[in-house]
Amino acid sequence: MARKQIVNFGWGYEQGFGYSQAVRVGDLVILAGQMPCDAGANLVAPGDIKGQTRKVFENMKAVLAGAGLGLEDIVEIVSYHTDMSQLMDVAAVKAEYLTSDFPAWTALGVTGLALPGQLIEIKATAAAR
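So, here is what we can say about the structure in this document. Chains are numbered independently. Their residues run from 1 in the order of the written sequence. Confidence filtering applies because this is a predicted model: local features only for residues at pLDDT of at least 70, side-chain atom pairs given and counted only at 80 or more, and all residues used for totals across whole chains, interfaces and linings. The basis for every side-chain value is the complete set of heavy atoms in the structure, and neither hydrogens nor water enter the calculation.

**Overview of the side chain of Q34**
Line of reasoning, step 1. By the secondary structure assignment, Q34 is in strand 3 (residues 28-34).
Line of reasoning, step 2. For every residue, the accessible area obtained with a 1.4 Å probe (protein chains only) is divided by the maximum for its type, and the residue is called buried under 20%, exposed over 50%, and partly exposed between those limits. A relative accessible area of 1% places Q34 in the buried class.
Line of reasoning, step 3. In protein, a polar contact means a hydrogen-donor-capable atom and an acceptor-capable atom, both N or O and within 3.5 Å, with residues adjacent in sequence counting only if both atoms are side-chain atoms; elsewhere, any N or O pair within 3.5 Å suffices. A polar atom in the side chain of Q34 sits 2.8 Å from the side chain of Q21.
Line of reasoning, step 4. Contacts: residue pairs with any heavy atoms within 4.5 Å of one another. Apart from the residues lying within four places of it in its own chain, the contact partners of Q34 are W11, Q21, V56, N59, M60, V63, I120, E121, I122 and K123. Strands here are runs of E lasting at least two residues and helices are runs of H or I lasting at least four, both read from the DSSP assignment and numbered beginning at the N terminus.

**Focus on a nonpolar patch on the surface**
Line of reasoning, step 1. Patch membership needs two things, relative accessible area over 30% and no salt bridge, and members are linked within 9 Å if like-charged or within 5 Å if nonpolar (Val, Leu, Ile, Met, Phe, Trp, Tyr). Here, Shrake-Rupley sampling with a 1.4 Å probe gives the accessible areas, and only protein chains in the shown set may cover a residue. The rule for a salt bridge is simple: a side-chain nitrogen of Lys or Arg has to be within 4 Å of a carboxyl oxygen of Asp or Glu. A surface patch of nonpolar side chains, about 220 Å² in accessible area, is lined by L28, I30 and V75.
Line of reasoning, step 2. Topologically, I30 is positioned in strand 3.

**Side note on the sheet that holds strand 4 (residues 74-81)**
Line of reasoning, step 1. Only strands that DSSP links by at least two bridges are regarded as paired with each other. Strands sit in the order 1-2-3-6-4-5 across an open sheet of 6 strands; the sheet is mixed. Both edges of this open sheet fall to strand 1 (4-7) and strand 5 (104-109), since each of them pairs with a single strand only. On average, each strand axis in the sheet is inclined to that of its neighbour by 15 degrees, with strand direction left out of account.
Line of reasoning, step 2. Bridge count for strand 1 against strand 2 (residues 22-25) is 4 bridges, and the pairing is antiparallel. Fitted lines through C-alpha atoms give the axes, limited to the stretch in contact for helices. The angle between two N-to-C directions lies from 0 to 180 degrees.

**Here's the deal with unusual backbone geometry**
Line of reasoning, step 1. Although it is not a glycine, A41 sits at a positive phi angle of roughly 65 degrees.
Line of reasoning, step 2. For A41, the position within the fold is in the loop between strand 3 and helix 2 (49-66).
Line of reasoning, step 3. Taking the relative accessible area as the measure of exposure, A41 reaches 25% and is therefore partly exposed.

**Some points on the nonpolar core**
Line of reasoning, step 1. The set of buried Ala, Val, Leu, Ile, Met, Phe, Trp, Tyr and Cys residues whose side-chain atoms join them within 4.5 Å is what this entry labels a nonpolar core. Core analysis: the largest hydrophobic core is formed by 30 residues, its most contacted members being L31, M60, L71 and I74.
Line of reasoning, step 2. Where this core is concerned, the elements lending two or more residues are strand 3, helix 2, strand 4, helix 3 (87-97) and strand 6 (120-127).
Line of reasoning, step 3. With 6 residues, helix 2 is the single largest residue contributor to this core.
Line of reasoning, step 4. Those residues within four positions of M60 in sequence are excluded, and the remaining contacts are L31, Q34, L71, I74, I77, I122 and A124.

**Some details on the environment of Q34**
Line of reasoning, step 1. Considering only alpha carbons, one finds Q34 and A114, 80 residues apart in sequence, at a separation of 11 Å.
Line of reasoning, step 2. Within the local environment of Q34, its side chain forms a polar contact with the backbone oxygen of A32, the two atoms lying 3.0 Å apart.

Coordinates in, geometry out; function isn't part of it.
Take a look at the structure:
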């Protein structure tokens, strides 16, 4: 059975909540839901879905890099939205980061997310090289 390996690159705020930014098990790297926040857990781009989505993808890039991977290694994303009417704006930003060999994508509407003013969160699974 594959053993899990924690991917930790130093943000630190996840320690207080008892989770890991990513876990590698076998050939898969599973990312926790990435929030539109900086390394200090401060919300970025309040009220701006495109700005928040860009920050989420930048955070995903950082976590994946910590595992020796990139966005091209993502095989699945699940996005959580407080306003599904903004889905096309999210899709437009997603297209800036994921340009081919698209991962499976599930989008879910939710009533709230972790940070006040947070509009989106995305979790992902990547296949290790």
